[in-house]
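Structural overview for review
Here is how the chains run, residue by residue.
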Amino acid sequence: MRSRYKPWAIEYLKNHTENEFFLDDQLEEDKINKFISEKDTYLEIGPGKAQFILSIASKFPDFNFLVIELDHSIAGTALKKIDEAKLTNVRLIAGDFYKLSKIFKKDLFCGVFLNFSDPRPKKRHEKRRLTSPNFLVEYAKILKDDKCIYFKSDNDGFYEYSLEMFKEYGWEIIYQNEDYQSSESDFDAETEFEARYKAEGIKIKRLILKKNKNTLTEVKEEK
Ligand SMILES: C[S@@+](CC[C@H](N)C(=O)[O-])C[C@H]1O[C@@H](n2cnc3c(N)ncnc32)[C@H](O)[C@@H]1O
């Protein structure tokens, strides 16, 4: 995601810690675990400016929602919106999910949202794609049994790659729609990128993938 560097957003992130758990390696694991244990909790990786999570969190006050955003400037913007919304069921971690995933216990989350993740089309960036094997095995560890990844994308190449990886890593496809309208599901909301792509006439691809006993928790060895 290209975004302008916003010094105010970095300052905001440093100075408003009520709804934030992590910045510059100051991880507050106890607070994170307490929040997750209070209610069924869903995780969004790469929330951007938090439009999606604020909509869904206000629709579902009985669930908690944790977001992890890599880019500190974007995370600061998201945090300000989260603070202003005055919802008690949303928290933000500013950091890289891949580096942070080890702090989460197994079988913790009731769902993972991947909305319009960066496609990273270059082969040498494959390991940074949020649906590459090293990420899929982390989702399999932190999700409870029979719980799901909710995936949406505009990008055909990334969608095809992700579908192949989900199949290869034993995720059960319980929903697949290559021309998805957000009104089709109650447990969903439009994201900022989704609105932009829809306005350009690009079809939205959506998948729901369930973790079951065949879902792999280790990366396969390359042949
Ligand atoms: C294309 S944007 C989509 C934003 C939003 N989900 C939407 O649909 O409007 C992807 C976001 O994922 C974040 N991101 C990419 N890799 C990440 C990672 N490993 N951990 C956390 N966030 C990540 C990027 O910084 C960016 O804000």
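Every chain is numbered on its own, with residues counted from 1 as its sequence reads. Confidence filtering applies because this is a predicted model: local features only for residues at pLDDT of at least 70, side-chain atom pairs given and counted only at 80 or more, and all residues used for totals across whole chains, interfaces and linings. Remark: hydrogens and water are excluded; side-chain values derive from all non-hydrogen atoms of the structure.

With that out of the way, let us pick up the domain arrangement of the chain. Interface size is commonly expressed as the accessible area that is lost once the parts come together. Each domain of the chain was delimited in the assignment, giving domain 1 (1–39 + 50–103) and domain 2 (105–223). Residue ranges labeled as domains rest on an automatic or database domain assignment. Between the C-alpha centres of domain 1 and domain 2 the distance comes to 20 Å. Contacts are assigned to residue pairs with any non-hydrogen atoms lying within 4.5 Å of each other. Each partner contributes residues to the interface: domain 1 has 19 residues there, and domain 2 has 20 residues. Approximately 1,800 Å² of surface area, both sides summed, lies buried where domain 1 meets domain 2, with 65% of it carried by carbon and sulfur atoms. Any carboxyl oxygen of Asp or Glu that lies within 4 Å of a side-chain nitrogen of Lys or Arg is treated as forming a salt bridge with it. Here Glu138 ties to Lys102 by a salt bridge, and the two come within 3.1 Å at their closest N and O atoms. Within 3.5 Å is the distance limit for a polar contact, defined as a pair of N or O atoms, with the added protein rule that one can donate a hydrogen and the other accept it, and that residues adjacent in sequence qualify only through two side-chain atoms. Across the contact surface, domain 1 and domain 2 share six residue pairs in polar contact (both at pLDDT 80 or more). Each helix is a run of H or I in the DSSP string that is no shorter than four residues. Each strand is a run of E no shorter than two, and both are numbered from the N terminus. Elements supplying a minimum of two residues to the side of domain 1 that touches domain 2: helix H2 (29–38), helix H3 (51–59), strand E3 (64–69) and helix H5 (97–100). Counting residues per element, the side of domain 1 that touches domain 2 draws most heavily on H3, which supplies five residues. The residue makeup of the side of domain 1 that touches domain 2, split by class, is 12 nonpolar, four polar and three charged. Throughout, buried area stands for the accessible area (probe radius 1.4 Å) lost by two parts on being put together, summed over both. As a working rule, the residues Ala, Val, Leu, Ile, Met, Phe, Trp, Tyr, Cys and Pro are called nonpolar, Asp, Glu, Lys and Arg charged, and the rest polar, with Gly in that last group.

Moving on to the side chain of Ser101. Positionally, Ser101 belongs in the loop between H5 and strand E5 (109–115). Of the polar contacts made by the side chain of Ser101, one reaches the backbone oxygen of Tyr98; its length is 3.2 Å.

The next subject is the nonpolar core. It is characteristic of soluble globular proteins that their nonpolar side chains tend to be buried jointly. Here, nonpolar core means buried Ala, Val, Leu, Ile, Met, Phe, Trp, Tyr and Cys residues that are tied together by side-chain atoms lying within 4.5 Å of each other. When accessible area is computed with a 1.4 Å probe and restricted to protein chains, residues below 20% of their type maximum are described as buried, those above 50% as exposed, and intermediate ones as partly exposed. Counting residues in each nonpolar core, the largest one holds 38 residues, and the members touching the most others are Leu66, Phe104, Tyr139 and Trp171. Residue assignment places this core across two domains, with domain 1 (1–39 + 50–103) and domain 2 (105–223) each supplying three or more. Apart from the residues lying within four places of it in its own chain, the contact partners of Trp171 are Leu136, Tyr139, Ala140, Leu143, Ile149, Phe166, Leu209, Lys210, Lys211 and Thr215. Counting residues in each nonpolar core, the second largest holds 25 residues, with Phe52, Leu79, Ala94 and Ile208 among its members.

So, on to the environment of Lys39. Counting through the fold element by element, Lys39 comes out in the loop between H2 and strand E2 (41–45). Separated by 178 residues in the primary sequence, Lys39 and Thr217 have C-alpha atoms spaced 25 Å apart. Sequence-distant contacts of Lys39, defined by excluding residues within four places in its chain, comprise Pro61, Asp62, Phe63, Asn64 and Asn89.

Of all 10 residues making up helix H6 (residues 133–142), nine are buried, and the element is well covered by its neighbours. If you check which residues of H6 are buried, you get Pro133, Asn134, Phe135, Leu136, Val137, Glu138, Tyr139, Ala140 and Ile142. Contacts made by the buried residues of H6 are with E2, H5, E5, strand E6 (143–153) and helix H7 (156–168).

Moving on, we get to the site of the ligand. For this purpose, a residue is taken to be near a molecule or strand whenever a single non-hydrogen atom of the residue falls within 4 Å of it. Taken together, 22 residues lie around the ligand, and Gly46, Glu69, Asn115, Thr191 and Phe193 are the ones closest in. In this structure, Glu69 approaches the ligand through a side-chain N or O atom, which is 2.5 Å from an oxygen atom. Protein chains shield 96% of the accessible area of the ligand, which is 600 Å² for the free molecule. Elements that contribute at least two residues to the shell around the ligand include exactly E2, E3 and helix H8 (192–199). Split by domain, the shell around the ligand shows at least three residues from each of two domains, domain 1 (1–39 + 50–103) and domain 2 (105–223). Surface accessibility follows the Shrake-Rupley procedure with a 1.4 Å probe radius. Residue values consider only the protein chains on display as shielding.

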